[in-house]
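Results of the structural survey
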Amino acid sequence: MKGEQGMQRVLSKVAIVVVAVFAVTSGCALFEDERTAKGRKLYRHYCMHCHGESGQQQEGFNWERMPDPRPRDLSEDAAMSTFSDEEIFNTISRDMRDTSLQEVIDDENYFAVSTMPTFKYTLSEEELWAVVGYVRTLHGGSLTFDVDGRKAELESQFQAVNAAHDQAKQAMDEALAKQEAEEAARAEAEEEAEEDDEDLDMEDEEDLEDYDDEEEEIVLPEEEAYEKVAEQFEAAKAALENFSKRPKMTQIARPDLTTTDEERVALQDKGKNLYFNKYGCNGCHSVGDTGGLVGPALDRAGFRLNDTWVYRWVRYPQGMKKHTRMPNLGLDDPDARAITAYLDTLRAPKPDKPIPPPE
Ligand code: HEC
Ligand code: HEC
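Here the structure is a predicted model, which means the values were calculated and not measured.

What counts and how
- Residues numbered from 1 in each chain as written.
- Chains lettered and ligands numbered in written order.
- Predicted model: local features only at pLDDT ≥ 70, side-chain atom pairs only at ≥ 80, totals over all residues.
- Heavy atoms only, no water.
- Buried < 20%, exposed > 50% of the residue type's maximum accessible area, 1.4 Å probe, protein only.
- Helix = DSSP H or I, 4+ residues; strand = E, 2+ residues; numbered from the N terminus.
- Contact = heavy atoms within 4.5 Å.
- Donors = N, O, S within 2.8 Å, 3.2 Å for Na, K, Ca; no water.
- Tetrahedral: all angles 85-135°; square planar, octahedral: opposite > 155°, others 65-115°.
- Near = heavy atom within 4 Å.
- Polar contact = N/O pair within 3.5 Å; in protein donor to acceptor, adjacent residues only side chain to side chain.
- Nonpolar A, V, L, I, M, F, W, Y, C, P; charged D, E, K, R; others polar.
- Salt bridge = Lys/Arg side-chain N within 4 Å of Asp/Glu carboxyl O.
- Phe/Tyr/Trp six-rings, centres within 6.5 Å; stacked < 30°, edge-to-face > 60°.
- Lys NZ or Arg CZ within 6 Å of the ring centre and 35° of its normal.
- Axes fitted to C-alpha atoms, helices over the stretch in contact; angles between N-to-C directions.
- Parallel < 35°, antiparallel > 145°, perpendicular 65-115°, else oblique.
- Left-handed = near helix turned anticlockwise from the far one by under 90°.
- pLDDT = per-residue confidence, 0-100.

**Describing helix α12 (residues 307–315)**
Listed as buried for α12 are T308, V310, Y311, W313, V314 and R315. On its buried side, α12 packs onto α13 (317–320) and α14 (333–344).

Shown next, in the form of structure tokens:
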């Protein structure tokens, strides 16, 4: 009996050691795999149609239909390994090229291909790094960027600003309390003085009031310092939040899209330019027989879609359909108005409509 129990105890100890050793040796690898697996899933949802399942050209169903330059081979180590992890990260999370700014047009280092969408407004920073990690595996590499270190850095930045924020708030509250006490004391003294000096003439009283008004506008240095720190606090908080959470916008309100005819023509031209040259909508949507096949053809958008709906969709697709493959490209209000006006001009005849017989 005793021997059996002893044996059991030894066995369970062995089991614990085996499990512990397994957890330690595989723990790290398991974690890495999780990130790569996440990257693979995101890649298949957001990138595969253009770049192909294994990153090879002509593999993605949209590749053939893309305007030049078509997506480069992400599986080719010779070219891809010349890019740092940060460079790949910036390519997938930059702002779209603002073609209205000369300095952007002149900047040779700016990644220029408008038909490579940005995912900055769609995915969290952690997800973006997971995608970069997966892209690395397509050419036999692996991510060297320290993602956990980046998170720790954002956390410690936040902590530091948080402490400074608390301190600045305390200093401001103290200064405000002191100011209030001083004002109260002064008001009391004034009241006493007034009582003492009943025959204060009108002019003096007015002067006194003016003086009071001016004093109320004084902004304490502690208040100014607090405002600065509060801004840094919000920025650090947003950066930390955006690390693990997808960017979220408030719902886009229904816009008033009425314009004069003249304004409308100018908007349509601007919108057409933005559609092709800034946001590369043609990489995913076709008009006529050119353009991508990822999203629906937009030939008849002017008949089919309502302007208000289009405006809200292009500004925040995820707000209307959470997991849509169309990324949020970061359109601001003026750009969304222009693109909406352009789409309204797309009024191709119904393809299946029989051609009317000649009269
Ligand atoms: C609408 C098609 C399209 C989609 C979707 C797309 N890309 Fe691209 N991508 C392109 C085009 C076009 C280029 C520019 C041509 C080139 O240099 O490869 C490009 C370039 C790149 C490059 C840079 C290669 C270089 O030359 O510097 C990387 C990396 C990349 N894409 C990764 C991704 C990832 C990751 C996703 C998904 C999160 C994605 N792409 C989604 C079309 C697309
Ligand atoms: C990476 C590919 C991609 C890019 C880039 C893209 N779209 Fe889309 N778009 C889609 C997909 C996919 C859908 C279908 C949405 C769904 O149902 O999830 C869509 C839907 C739409 C629709 C609704 C069409 C309909 O018939 O219901 C409009 C309008 C639209 N996109 C306009 C645009 C405009 C304008 C741009 C450029 C600012 C753009 N898209 C850029 C992929 C893309």
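**What about the coordination of the iron atom of ligand 1?**
Distances from the iron atom of ligand 1 to its protein donors, H51 (NE2) and M116 (SD), fall within 1.9 to 2.2 Å. Viewed at the metal, the six donor atoms of the iron atom of ligand 1 are separated by angles of 88 to 179°, and the geometry they form is octahedral. Of the two residues, H51 sits in helix α2 (residues 48–51) while M116 sits in the loop between α5 (102–106) and α6 (125–138), which places them 65 residues apart along the sequence. In this structure, H51 and M116 share a single accessibility class: buried.

**Focus: the site of ligand 2**
In the neighbourhood of ligand 2, 20 residues make up the surrounding shell, with C281, C284, H285, T324 and M326 lying closest. At a separation of 2.8 Å, an oxygen atom of ligand 2 approaches a polar side-chain atom of K321. Between ligand 2 and T324 there is a distance of 2.7 Å, counted from an oxygen atom to a side-chain nitrogen or oxygen. Mapped by element, the contributors of at least two residues to the shell around ligand 2 are α12 and α14. If you tally residues by element for the shell around ligand 2, the top one is α12, at three residues. The class makeup of the residues in the shell around ligand 2 is 14 nonpolar, three polar and three charged.

**Examining the pattern of salt bridges**
Counting across every chain of the model gives 14 salt bridges. With a closest N to O distance of 2.6 Å, R150 and E125 form a salt bridge. You can see R150 sitting in helix α7 (residues 147–196) and its partner E125 sitting in helix α6, a full 25 residues away along the chain. In this structure, D307 and R264 form a salt bridge, with 3.6 Å as the shortest nitrogen-oxygen distance. Of this pair, D307 sits in helix α12 while R264 sits in helix α10 (residues 261–278), placing them 43 residues apart in sequence. Through salt bridges with shared partners, one network takes in R264, D307, D344 and R347.

**Here we look at the packing of aromatic side chains**
By the definition in use, this model includes nine aromatic pairs. One aromatic cluster is present, formed by F89, W129 and F145 through successive ring pairs. Lying over the aromatic face of W63, R70 brings its terminal NZ or CZ to 4.9 Å of the ring centre.

**Here's the deal with the coordination of the iron atom of ligand 2**
Perfect tetrahedral coordination of a metal by four donors corresponds to 109.5 degrees between them, and perfect octahedral coordination by six donors corresponds to 90 or 180 degrees. Taken together, H285 (NE2) and M326 (SD) make up the protein donors of the iron atom of ligand 2, found 2.0 to 2.2 Å from the metal. Given the relative accessible area of 13%, H285 is considered buried.

**Quick word on the packing of α7 against helix α9 (residues 221–244)**
At a closest axis distance of 8 Å, the pairing of α7 and α9 adopts a crossing angle of 155°. Between α7 and α9, the angle falls in the class roughly antiparallel. Considering how the two elements wind past one another, α7 and α9 form a crossing that is left-handed. When grouped by side-chain class, the residues that make up the contact of α7 with α9 number 18 nonpolar, three polar and seven charged.

**Side note on the site of ligand 1**
Near ligand 1 there are 24 residues, and of these C47, C50, H51, R72 and M116 occur at the shortest range. One nitrogen or oxygen atom from the side chain of H51 is found 2.7 Å from a nitrogen atom belonging to ligand 1. Within the backbone of R72, an N or O atom sits 2.6 Å from an oxygen atom of ligand 1. Secondary-structure elements contributing two or more residues to the shell around ligand 1 are α2, α4 (85–93) and α6. Residues that form the shell around ligand 1 fall into these classes: 18 nonpolar, four polar and two charged.

**Structural notes on the packing of α12 against α14**
Running from N to C, α12 and α14 point in directions that differ by 130°, and their axes come no closer than 9 Å. Here α12 is positioned oblique relative to α14, judged by the angle of their axes. Crossing of α12 over α14 shows right-handed handedness. Where α12 abuts α14, its residues D307, V310, Y311, V314 and R315 lie against D333, A336, R337, T340, L343 and D344.

**Points about the confidence of the model for the protein chain**
Residues at a pLDDT of 70 or more form 84% of the protein chain, whose mean pLDDT is 88. When mean pLDDT is taken per element in the protein chain, α14 scores highest with 98 and helix α8 (residues 202–216) scores lowest with 56. Note that pLDDT drops below 50 for residues 23–29; the model gives that stretch one contact with residues more than four away or on any other chain.

**Comments concerning unusual backbone geometry**
Glycine aside, the phi torsion of most residues is negative, and most peptide linkages are trans. In this structure, the amide linkage connecting D68 to the following residue, P69, adopts the cis form with an omega of -10°. Here P69 lies in the loop between α2 and α3 (77–80). The phi dihedral of Q58 falls on the positive side, at around 70°, and the residue is not glycine. Assignment of secondary structure puts Q58 in the loop between α2 and α3.

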